[in-house]
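Structural features, examined
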Amino acid sequence: MAATRRLSHSVAVITINHPPVNALSHSLRRSIAKEFGDASKDSSIEAIVLCGANGNFCAGADIKEFGSSTLDSVSLNNINDAVERCQKPVVAAIEGVALGGGLELALSCHYRVANVQARVGLPEVLIGILPAAGGTQRLPRLIGIPAALDMIVRGRHVPATEALQLGVVDEVVKANTIDAAIQLARKVLGEKYNHH
Ligand SMILES: CC/C=C\CC(=O)SCCNC(=O)CCNC(=O)[C@H](O)C(C)(C)COP(=O)(O)OP(=O)(O)OC[C@H]1O[C@@H](n2cnc3c(N)ncnc32)[C@H](O)[C@@H]1OP(=O)(O)O
């Protein structure tokens, strides 16, 4: 399990890879933090796309690690804060599911592009916990309190087209989600340069 990084022009594409659903295990979080930190500092990189391997963005915390006593030196909150604070545009490319901590990671990105087949949600309530990696702050800021509360208290999976209407995602595409996210990042960079 690891996050890997490749370059598309000046956009770093960081792929979260932990089959089958890219659950955020301790070692995956360490790997994401490392790749993201390196990309943030690399002056040849102008923007960052976060995506998932295996047809999914990320199904959230690794439920199989719940109750384990692993010392948590890299929390998802730390990663999300670093993503949000990044000076370079960060775009999430969402395929499959972005659930729980996976959606919280996507919400920390500056933009979100989703595949039409994707689903997003905060299903923590269904396993007796609350979203605790910024979702209860970032989601209401993005879509307003009533719509965010509805998602949080029902824990439902929201289809991409509804997520677009609600404002959870910025764009929905039928195919080539990662390419669309790279394009969006490059468009944002173009706008930045045009304003200077
Ligand atoms: C860091 C703290 C942050 C926040 C807290 C959280 O994120 S809590 C976790 C929130 N996420 C969930 O509750 C998602 C639970 N999973 C699902 O809803 C479904 O599994 C999913 C992802 C929609 C996929 O459904 P599908 O029907 O396609 O497959 P299946 O359910 O059989 O799952 C396939 C295998 O994936 C394993 N798995 C799924 N989710 C997780 C997870 N969060 N952590 C670890 N493993 C997960 C599942 O156990 C299956 O494994 P297998 O070995 O094949 O039995």
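Structure: above.
A few points on the structure. (Residues numbered from 1 in each chain as written. Predicted model: local features only at pLDDT ≥ 70, side-chain atom pairs only at ≥ 80, totals over all residues. Heavy atoms only, no water.)

Observations regarding the overall build of the protein
- What the protein contains, in helices and strands, is 7 helices and 9 strands.
- Here the C-alpha atoms of the protein give a radius of gyration of 16 Å, agreeing with the 16 Å that 2.2 N^0.38 yields for 196 residues.
- Each principal axis of the C-alpha distribution contributes one length, and for the protein these read about 45 × 40 × 30 Å.
- Buried residues in the protein amount to 51% of all 196 residues.
- In the protein, the proportion of contacts linking residues at least 24 apart, taken out of those at least 6 apart, comes to 73%.
- Just so you have it, the protein exposes about 9300 Å², and 54% of that area is on carbon and sulfur atoms.
- Side-chain charges in the protein split into 19 positive and 18 negative, and the spacing between the mean points of these groups amounts to 1 Å. (Helix = DSSP H or I, 4+ residues; strand = E, 2+ residues; numbered from the N terminus. Rg over C-alpha atoms; globule rule 2.2 N^0.38 Å. Buried < 20%, exposed > 50% of the residue type's maximum accessible area, 1.4 Å probe, protein only. Contact = heavy atoms within 4.5 Å. Areas by Shrake-Rupley, 256 points an atom, 1.4 Å probe, with all protein chains shown as cover. Lys, Arg positive; Asp, Glu negative; His and termini not counted. Charge placed at Lys NZ, Arg CZ, Asp CG, Glu CD.)

Examining the sheet that holds strand β5 (residues 97-99)
- Spatially, the 3 strands line up as an open sheet ordered β5-β7-β8, and their pairing is mixed. Strands with a single pairing partner mark the edges of an open sheet, and in this sheet they are β5 and β8 (158-159).
- Across 2 bridges, the pairing between strand β7 (residues 119-121) and β8 is antiparallel. Bridging across to β8, R119 finds its partner in P159.
- Across the sheet, helix α3 (residues 101-108) lies against β5 and β7, angled at about 95° from β5, the strand it touches most. (Pairing = 2+ DSSP bridges. Axes fitted to C-alpha atoms, helices over the stretch in contact; angles between N-to-C directions.)

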